[in-house]
Amino acid sequence: MRAHEAGALHGDIGKTGPAWLRSPVDVNALVPQLWPRNVTRTGDGALNVAGLSVHDLAAEFGTAVYVLDEDDLRSRCRDFRAAFPDVDVYYAGKAFLCRAVVRMINEEGLHLDVCSGGELATALAAGMPPERIGFHGNNKSVAELTRAVDAGVGRIIVDSFTEIDRLTALARERGVRPKVLVRVTVGVEAHTHEFIATAHEDQKFGFSLAGGAAAAAAFKILDEDVLELRGLHSHIGSQIFDASGFEVSARRVLALQAQIRDARGVELPELDLGGGFGIAYTTQDDPAAPQDLAKRLRKIVDSECDAERLAVPRLSIEPGRAIVGPAVFTLYEVGTVKDVDGIRTYVSVDGGMSDNIRTALYDASYSATVASRASTAQPMLARVVGKHCESGDIVVKDEFLPADVQPGDLVAVPGTGAYCRSMASNYNHVPRPPVVAVRDGQARVIVRRETEEDLLALDVG
């Protein structure tokens, strides 16, 4: 490793790639856990999703384009419902939200988390029953709270004493009793395969458990008796691959629940353990199946409730990216292929950090494949990059592509359903790509492509 002033992404000199990345025996082979369930290669080697070739999708909708396998998304909703039959499963609106997806998750019986007025507006416009909506956020405005209360959302996850005061005043003014959960910062931070059980209190979300703020918030709500305190909420991270962190989190939050019972004689009827379950972005990722997660979480809660002599509360979980993330891939067209002095081969595509900021922002890893054809060429370690004027505009840091990859090829990047379109931007005045849902050989635009006219329409100068 050689240090590079532009950052770690530029410090890997040579063509070895990360230790976990292995040269494939067949550069055309698809790793099943990385791709939507209805993606295959056809006889000519092109990717096919739910009966449609990527050639047809590119011809009709252009590139870059987010391609959603609708049956895959629906099947993942059903998997979580089946694994957690007596649990409220909340879809993460922040991962990706549009009216069509709201309708899908509503039809599949899921609940929905929103964390802004815009997400709430989208949910309501799509007909999501407000009683199945939860409203998150560390700085909900009075206007957002007013809209949530007037709409009758099922629960508001309160995040500060200021918010409790705002919501209490609003409830008194309107003569209503909103249902709330207290978000508890439990001092556990979980990332991927490990968790750190030391206090992770220095963050903007929630009420500190260790400092006593969480208990004080619950007591304040109960004593004022204006809001209906339904339970406690904890969230320990995202892209989590095992349940170890949840065990520590559940123990701590249920101990608080017992403290509330002992101090006020109230057993809160609900508990949200959060979620943020991981997905496979590369071959190094090994996500747990929903039924395995359900078994572990139920065992943890039952054990801790027994230890605290608590009735088992109604549980909620928030799978996060695990529902929509694997259901989408992004399809690009290759514009240039550049070998840089034998150091690295750069494959430039017609998108980049404007449609997937996660690699630049989080150092996230992705996979890729040439999607438009099969190849008999040897695997070549490449870096897939975007078209933006940033050296950190990287889509896939390291991937084996066929050595004959060339301009005009289509390249597909899986696992882009979560946070890619949601965090997309117009950097360099590049219009954001469309989202196209495919099902039973039919494709439909559910979020249209932005145009240069859209960009200029906002420019009132």
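As a starting point, this report considers the structure included with it. (Residues numbered from 1 in each chain as written. Predicted model: local features only at pLDDT ≥ 70, side-chain atom pairs only at ≥ 80, totals over all residues. Heavy atoms only, no water.)

### Remarks on the pairing of strand S9 (residues 179–185)
Working step 1: With six of its seven residues buried, S9 lies for the most part within the structure.
Working step 2: In terms of handedness, the path from strand S8 (residues 155–158) via helix H6 (residues 161–174) over to S9 forms a crossover that is right-handed.
Working step 3: With six bridges joining them, S9 and strand S13 (residues 228–234) adopt parallel strand pairing. Bridge pairing links Val184 to Ser234 in S13.
Working step 4: Pairing analysis gives two bridges linking S9 to strand S12 (residues 207–208), with the strands arranged parallel. Within S12, the position partnered with Val184 by the bridge is Phe207. (Buried < 20%, exposed > 50% of the residue type's maximum accessible area, 1.4 Å probe, protein only. Helix = DSSP H or I, 4+ residues; strand = E, 2+ residues; numbered from the N terminus. Right-handed = clockwise from strand over helix to strand, strands pointing away. Pairing = 2+ DSSP bridges.)

### Comments concerning the pattern of salt bridges
Working step 1: Per the counting criterion, the structure on display carries 32 salt bridges.
Working step 2: The closest approach of N and O atoms between Asp404 and Arg373, which form a salt bridge, is 3.3 Å. On the criterion of sequence distance, the pair formed by Asp404 in the loop between strand S21 (394–402) and strand S22 (410–414) and Arg373 in the loop between strand S19 (369–370) and strand S20 (379–385) is long-range, its members being 31 residues apart.
Working step 3: Residues Arg373 and Asp409 are paired through a salt bridge, measuring 2.9 Å at the closest nitrogen-oxygen approach. (Salt bridge = Lys/Arg side-chain N within 4 Å of Asp/Glu carboxyl O.)

### Observations concerning the nonpolar core
Working step 1: Formed by 112 residues in total, the largest nonpolar core has its most connected members in Phe84, Tyr91 and Ile156.
Working step 2: The element that contributes the greatest number of residues to this core is helix H8 (residues 244–264), accounting for eight residues.
Working step 3: Residues within four places of Tyr91 in sequence aside, it is in contact with Phe96, Leu97, Val101, Ile105, Leu110, His111, Leu112, Asp113, Ile323 and Val324.
Working step 4: Counting 22 residues, the second largest nonpolar core, distinct from the first, contains Trp35, Leu47, Val67 and Ala371. (Core = buried A, V, L, I, M, F, W, Y, C linked by side-chain atoms within 4.5 Å. Contact = heavy atoms within 4.5 Å.)

### Describing the sheet that holds strand S2 (residues 47–49)
Working step 1: Here three strands make up an open sheet; going across it, the order is S1-S2-S3 and the pairing antiparallel. At either margin of the open sheet sits one strand with a lone partner, and together these are strand S1 (39–41) and strand S3 (52–53).
Working step 2: In terms of strand pairing, S2 meets S3 through two bridges, oriented antiparallel. By the bridge assignment, Asn48 is partnered in S3 with Ser53.

### A word on the packing of aromatic side chains
Centre-to-centre distance and the angle between the planes together describe a pair of aromatic rings.
Working step 1: By the definition in use, this model includes six aromatic pairs.
Working step 2: Their ring planes at 70° and their centres at 5.1 Å tell us that Tyr281 and Tyr366 sit as a pair that is edge-to-face. Note that Tyr281 is positioned in the loop between strand S15 (270–275) and helix H9 (290–308) and Tyr366 in the loop between helix H11 (358–362) and S19, a separation of 85 residues in sequence. Exposure class is identical for Tyr281 and Tyr366. Each is buried.
Working step 3: An aromatic cluster is defined as three or more aromatic residues linked by ring pairs; in this entry it consists of Phe80, Phe84, Phe246 and Phe277.
Working step 4: Residue placement shows Arg155 over the ring face of Tyr90; its charged tip is 4.0 Å from the ring centre. (Phe/Tyr/Trp six-rings, centres within 6.5 Å; stacked < 30°, edge-to-face > 60°. Lys NZ or Arg CZ within 6 Å of the ring centre and 35° of its normal.)

### Regarding the packing of helix H4 (residues 117–125) against helix H5 (residues 142–151)
Describing two packed helices takes the angle between their axes plus the distance from one axis to the other.
Working step 1: As a packed pair, H4 and H5 sit with axes 10 Å apart at the nearest point and diverge in direction by 25°. In this view, H4 runs roughly parallel relative to H5, as classed from their interaxial angle. As H4 runs across H5, the sense of the crossing is left-handed. For the pair H4 and H5, contact is made by Gly117, Leu120, Ala121 and Leu124 and by Glu144, Arg147, Ala148 and Ala151, respectively. (Axes fitted to C-alpha atoms, helices over the stretch in contact; angles between N-to-C directions. Parallel < 35°, antiparallel > 145°, perpendicular 65-115°, else oblique. Left-handed = near helix turned anticlockwise from the far one by under 90°.)

### Considerations on the side chain of Arg321
Working step 1: Its location among the elements puts Arg321 in helix H10 (residues 321–324).
Working step 2: No salt bridge is formed by the buried Arg321; its nearest oppositely charged neighbour, Asp285, is found at 8.6 Å.
Working step 3: With sequence-adjacent residues up to four places away left out, Arg321 is seen in contact with Ser238, Gln239, Phe277, Ile279, Tyr281, Pro326, Arg358, Ala418 and Tyr419. (Lys, Arg positive; Asp, Glu negative; His and termini not counted.)

### Digging into the layout of surface pockets
Working step 1: The calculated volume of the second largest pocket comes to roughly 350 Å³.
Working step 2: As for the second largest pocket, its lining consists of 20 residues, of which Arg37, Arg76, Pro287, Ala288 and Pro326 are closest to the centre.
Working step 3: For the lining of the second largest pocket, the elements supplying multiple residues, two or more each, are helix H2 (70–83) and H9.
Working step 4: Counting residues per element, the lining of the second largest pocket draws most heavily on H2, at three residues.
Working step 5: When the residues that make up the lining of the second largest pocket are grouped by side-chain class, the tally is 13 nonpolar, two polar and five charged. (1 Å grid on protein atoms, 1.4 Å probe; cavity = no way out; pocket = protein on both sides within 12 Å on 5 of 7 lines; lining within 4 Å. Points joined across faces, edges and corners; volume = space filled by probe spheres on them. Nonpolar A, V, L, I, M, F, W, Y, C, P; charged D, E, K, R; others polar.)

### Regarding H9
Working step 1: For H9, built from 19 residues, the straight-helix expectation of 27 Å at 1.5 Å per residue is met to within 8% by its first-to-last C-alpha distance of 27 Å.
Working step 2: Considered for burial, the residues of H9 that qualify are Pro290, Leu293, Ala294, Leu297, Ile300, Val301, Glu304 and Cys305. Buried residues of H9, seen end-on, are gathered within an arc of 140° and therefore sit on one face of the element. Turned more than 90 degrees away from the buried face of H9 sit Lys295, Lys299, Asp306 and Ala307, all of them exposed.
Working step 3: Packing partners of the buried residues in H9 comprise H2, H8, S15 and strand S16 (314–318).
Working step 4: Downstream of H9 by one or two residues, Arg309 has phi in the positive range, about 55°. (Expected span 1.5 Å × (residues − 1). Arc of directions from axis to C-beta.)

### Looking at unusual backbone geometry
For residues other than glycine, phi is negative in most cases, and the peptide bonds are mostly trans.
Working step 1: Cis geometry is found at the peptide bond from Thr63 to Ala64, where omega equals -5°.
Working step 2: By the element assignment, Ala64 lies in the loop between helix H1 (54–61) and strand S4 (65–69).
Working step 3: Residue Asp225 is not a glycine yet carries a positive backbone phi of 55°.
Working step 4: On the secondary structure map, Asp225 appears in the loop between helix H7 (213–224) and S13.
Working step 5: You can call Asp225 partly exposed: its relative accessible area is 49%.
Working step 6: Of note in this structure, Tyr419 is not a glycine but carries a positive phi near 75°.
Working step 7: With respect to the helices, strands and loops of the structure, Tyr419 is situated in the loop between S22 and strand S23 (435–439).

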